Amino acid sequence: AYGIFGVSSFSAVFFSAFFGTGIVVLTYRLADYLYKDSWIAFIASLILLFPGIFIDSSRRAMVDIPLAFFVTLALFAFIKAKTHKPWYLVFGLATAAGIMSKSVLGIFPLAIAFFYLLFSRQWKEIFNPLLIAGVLLALGLGFSWHFINWMQFGQSFIDSHFGVLIFNRGFGENQHPFNFLGYSEDFLRNYWPWLPFALIGLYKFARRGFVEKDGNSLLLFLWPTLVFVIMSASKNHTIRYVLMIFPALSIITAKTFSDWLDSRWKNRMIGGLAGIVCLTALFVNATPIQVKVTLGESSKEVRQLASIIKLNIPKNIKIGNFRLSFWNPKHAMLFYSDRGLENPVTDMDELLKQLQSNPKKMWLSNSAEFKALQSRLPNTFYLIQANSKYAFFTSIQNRDFVRYDFSGMKIPNVK
């Protein structure tokens, strides 16, 4: 995307938005394929879009949405392979793309397919040559990046990727005893108004799958349940990590509504939901009330400071971090200013010590924190620029060396 459109915010989120749109289409097509009912397909797509967690994630430069797309595509291909076995190869390729998108999280289609065949007692199908070929494609292509890096970096790659990034962040020490409830809390906060209907639907689909031996219901039940249970065992709970289950939950919820409603109420529901979505979008974007999910400009405060930070801090020199978090706004700052942010300093004495040893160093903090610093230690710090969220500052001794002349610099750095 950078090569085609240039380095910009648009390019950064292009493929996330592209695959987000693809998930909506896949959800519609999957529901229509399973139930031959355009009402279920349309409502499932609408449920996927509202509330806006899915849309919000599709507007961010992260790989959770591409992962969700490839998981959905893989399981759609697996379902179609029931009647046309070459779809197992598409299943393998899509799973490989999921692994390439987000490492081991991409193997969920293999686990879901395995348990589906196990619970439905399709022993012979497990050894289907095309399915085995699909699995080998998934593992061989999907982990090719890992193999190349292991060949080049050896044990240090294993330690950093699988040890630090996956095991330590996911299953390391200091887990809360009730950690497994983390995703339950996320859904209790964020999956309304669909949560109760989704839970009822999961129960109905489990009954159809295990008692009535309905294969489609079994697969749609295992899809969100396995992911939710396995991810709940980790200590790092973020709802975007489980976006891959949203298409299944949407179809389950839409099918549950379809079973309850007659044709007259179905038509009313379409009109009512469409009206609610439009009014909600209007309310969120046309009123000053701030909500988590919005179509507003992302990282606005970082963008405002990015140019002056780039002007004053040489390349490969990092910005000091006073009491900001480890991750935020680390990546946004790097993208918009080309300058990294150090790990946070939380102790004021340490801040003063570093300022004394290097008075030319420049720092970023929360605006409220900087005001507290100014109040407590007047004539110690010099504010270069601030906005409602962040303050960019240095020592008072460095005041005369701060640059404000942008005549030789192209701004904004990133559009």
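Remember, predicted model here, so these are calculated numbers, not experimental data. (Residues numbered from 1 in each chain as written. Predicted model: local features only at pLDDT ≥ 70, side-chain atom pairs only at ≥ 80, totals over all residues. Heavy atoms only, no water.)

Asker: Please give an account of the side chain of D64 that cites residues and values.
Answerer: Mapped onto the fold, D64 is located in helix α5 (residues 64–80). Engagement of the side chain of D64 in a polar contact is seen with the side chain of R240, the distance being 2.8 Å. Excluding residues within four positions of it along the chain, D64 makes contact with K102, R240, Y241 and L243. (Helix = DSSP H or I, 4+ residues; strand = E, 2+ residues; numbered from the N terminus. Polar contact = N/O pair within 3.5 Å; in protein donor to acceptor, adjacent residues only side chain to side chain. Contact = heavy atoms within 4.5 Å.)

Asker: Which residues make up helix α2 (residues 9–35), and what are the values?
Answerer: The end-to-end C-alpha separation of α2 is 39 Å, in line with the 39 Å expected for 27 residues at 1.5 Å each. Its axis deflected by about 30° at F15, α2 carries its strongest bend there. Once α2 ends, the next one or two residues include K36, with phi positive near 50°. (Expected span 1.5 Å × (residues − 1). Bend = angle between axes of the 7 residues up to and from the residue.)

Asker: So what's going on with the packing of helix α9 (residues 129–142) against helix α10 (residues 144–153)? Which residues, and what values?
Answerer: At a minimum axis distance of 5 Å, the contact between α9 and α10 shows a crossing angle of 40°. With respect to α10, the axis of α9 lies oblique. Residues G140, L141 and G142 of α9 form the contact with α10, whose participating residues are S144, W145 and H146. Looking at side-chain class alone, the contact of α9 with α10 contains two nonpolar, four polar and no charged residues. (Axes fitted to C-alpha atoms, helices over the stretch in contact; angles between N-to-C directions. Parallel < 35°, antiparallel > 145°, perpendicular 65-115°, else oblique. Nonpolar A, V, L, I, M, F, W, Y, C, P; charged D, E, K, R; others polar.)

Asker: Explain the environment of Q397 to me, and be specific about the residues and the numbers.
Answerer: Along the chain, Q397 falls in the segment after β4 (390–395). Q397 sits in the exposed class, given a relative accessible area of 56%. Taking the C-alpha atoms as reference, Q397 lies 44 Å from A1; in sequence the two are 396 residues apart. Setting aside residues up to four positions removed in sequence, Q397 forms contacts with P359 and T380. (Buried < 20%, exposed > 50% of the residue type's maximum accessible area, 1.4 Å probe, protein only.)

Asker: Which residues make up the sheet that holds strand β1 (residues 320–322), and what values do they have?
Answerer: Spatially, the four strands line up as an open sheet ordered β1-β2-β4-β3, and their pairing is mixed. Each edge of the open sheet is held by one strand with a lone partner, namely β1 and β3 (381–386). Neighbouring strand axes in the sheet, compared pairwise and without regard to direction, differ in orientation by 30° on average. The sheet contact formed by β1 and strand β2 (residues 363–366) spans three bridges and is parallel. Across the sheet, the residue bridging to G320 is W363, located in β2. Helix α20 (residues 367–376) rests against β1, β2, β3 and β4 of the sheet, and its axis sits at about 105° to β2. (Pairing = 2+ DSSP bridges.)

Asker: So, the packing of aromatic side chains: which residues are in play, and what are the values?
Answerer: In total, this model carries 36 aromatic pairs according to the counting rule given. Consider the rings of F78 and Y88, whose centres lie 5.9 Å apart with planes at 50°: the pair is tilted. Of this pair, F78 sits in helix α5 while Y88 sits in helix α6 (residues 87–102), and the two are 10 residues apart along the sequence. Y88 shares its class with F78; the two are buried. Look at F197 and W260: their rings are 6.2 Å apart centre to centre, the planes differ by 70°, and that puts the pair in the edge-to-face class. You can see F197 sitting in helix α13 (residues 195–210) and its partner W260 sitting in helix α15 (residues 246–260), a full 63 residues away along the chain. The exposure class assigned to W260 is partly exposed, which follows from its relative accessible area of 42%. Grouped by ring-pair contacts, the aromatic residues F5, F10, F14, F15, F18, F19, F69 and F70 constitute a single cluster. Here the basic side chain of R208 rests over the ring of F205, its NZ or CZ set 5.2 Å away from the ring centre. Sitting above the plane of the W39 ring, K266 keeps its charged end 5.3 Å from the centroid. (Phe/Tyr/Trp six-rings, centres within 6.5 Å; stacked < 30°, edge-to-face > 60°. Lys NZ or Arg CZ within 6 Å of the ring centre and 35° of its normal.)

Asker: Describe the pairing of β4, and please don't skip the residues or the numbers.
Answerer: For a regular strand, side chains alternate in direction, first toward one face of the sheet and then toward the other. Extensive coverage of β4 is indicated by the burial of six of its six residues. Pairing of β2 with β4 involves four bridges; the strand directions are antiparallel. Following the sheet pairing, W363 is matched in β4 by F393. Looking at chain direction, β3 and β4 are connected through five bridges and run antiparallel. Of the residues in β4, the one forming a bridge with A386 is A391. With antiparallel pairing between neighbouring strands as the criterion, β3 and β4 make up a hairpin whose turn holds three residues.

Asker: Explain unusual backbone geometry to me, and be specific about the residues and the numbers.
Answerer: The omega angle of the peptide bond from W192 to P193 is 10°, so this bond is cis rather than trans. Residues N328 and P329 are joined by a peptide bond in cis, for which omega reads 10°. Relative to the helices and strands, P329 is located in the loop between β1 and α18 (330–337). Backbone geometry places S103, a non-glycine residue, at a positive phi of 55°. Even without a glycine there, the phi angle at K213 is positive, about 60°. Mapped onto the elements of the fold, K213 is located in the loop between α13 and α14 (215–232).

Asker: Just give me the short version of the side chain of T394, but keep the residues and values in it.
Answerer: Turning to its location among the elements, T394 is positioned in strand β4. The class of T394 is buried, set by a relative accessible area of 0%. Beyond its immediate sequence surroundings of up to four residues, T394 is in contact with P359, K360, K361, M362, F381, Y382, I384 and V402.

None of the figures reported here should be taken as evidence of function without further support.
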